[in-house]
Amino acid sequence: SWWDQANTTSKLQTEWGVYHLDWDETLPIPKNDYPWPSRNELLQHFEDKANEFGLMPYIRLSTDVKELRVAGIKEQTTYEFTLQNMNDKSGKVKNFMTSGVMLYPGNLSVARRETYKGEDTFGGTIAYGMFDELDYNEIRGKNVAIIGHGAFAVENV
């Protein structure tokens, strides 16, 4: 969700220590550390640490899982993925075998969109405060209703 749902202006609203990948009592306190980094600073931190720890060769970004086949039972289970790189215009797929699967979609994997009665006749701006969807210049100086709760509602105040 930090990659594609958060606005460019979004800031972490949980203390940095919860997300910081160098957080350990045996490590020195990070320099330039402050409690609420921006979306881009947080994403850069994740990328830097993935590179530092040698994880990037094992990570497939911009990849669509076309199929997952499961074979075997209990400790003998295997998983065969059919993967397609979204940046490869040829449509070529690759197969990948593994003995385990971990899924971490998070609680913001699919945005909840609502249609309220009267939206079709409203005549004003209706936008979601995520995905960098709202042009704040359109609403500057106007009366605005923010409907919702949580991080995206708070950051749009």
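Every value quoted in this text rests on a predicted model; they were computed, and no experiment measured them.

> Just to check I follow, could you spell out helix H2 (residues 39-52) for this structure?
Structurally, the α-helix is built with 3.6 residues per turn, so residues lying three or four positions apart point the same way. End to end, H2 covers 20 Å across 14 residues, agreeing with the expected 20 Å (1.5 Å per residue, within 8%). Within the sequence span of H2, burial applies to Arg 39, Leu 42, Leu 43, His 45, Lys 49 and Ala 50. Taken down its axis, H2 places every buried residue within 155° of arc, on the same side.

> Would you take a moment to explain the pattern of salt bridges for this structure?
Pairs can form between side chains of opposite charge whenever their charged atoms are close. One pass over the structure, following the stated rule, counts 4 salt bridges. Of the charged contacts in the structure, one is a salt bridge between Glu 67 and Arg 69, with a shortest N-O distance of 2.8 Å. Residue class for Arg 69 comes out partly exposed when judged on its relative accessible area of 29%.

> I tried to follow the pairing of strand S1 (residues 63-71) on my own but got confused; where do I start?
Looking along a regular strand, one sees the side chains alternate between the two faces of the sheet. Pairing analysis gives 8 bridges linking S1 to strand S2 (residues 78-85), with the strands arranged antiparallel. Looking at S2, one finds that Leu 68 is bridged to Phe 81. Linking S1 back to S2 in an antiparallel pair, the connection comprises 6 residues, with Gly 72 at a positive phi of about 90°.

> Whenever I open this one, the side chain of Ser 38 confuses me. Can you help?
Locating Ser 38 in the fold gives a position in the loop between helix H1 (16-19) and H2. According to the relative accessible area criterion, Ser 38 is buried, its value standing at 12%. Ignoring sequence-local partners within four residues, the contact set of Ser 38 consists of Ser 10 and Lys 11.

> How do you make sense of the sheet that holds S1 when you look at a structure like this?
Strand pairing in a sheet relies on backbone hydrogen bonds, with the paired strands running either antiparallel or parallel. Across the sheet, 3 strands lie side by side as S1-S2-S3; this open sheet has antiparallel pairing. Looking at the sheet topology across the chains shown, the edges are occupied by S1 and strand S3 (93-98). Across the sheet, the mean angle separating the axes of adjacent strands is 20° when strand polarity is ignored. Pairing geometry for S2 and S3, over 6 bridges, is antiparallel. Within S3, the position partnered with Leu 83 by the bridge is Lys 94.

Cut-offs used in this document
Residues numbered from 1 in each chain as written. Predicted model: local features only at pLDDT ≥ 70, side-chain atom pairs only at ≥ 80, totals over all residues. Heavy atoms only, no water. Helix = DSSP H or I, 4+ residues; strand = E, 2+ residues; numbered from the N terminus. Expected span 1.5 Å × (residues − 1). Buried < 20%, exposed > 50% of the residue type's maximum accessible area, 1.4 Å probe, protein only. Arc of directions from axis to C-beta. Salt bridge = Lys/Arg side-chain N within 4 Å of Asp/Glu carboxyl O. Pairing = 2+ DSSP bridges. Contact = heavy atoms within 4.5 Å. Axes fitted to C-alpha atoms, helices over the stretch in contact; angles between N-to-C directions.

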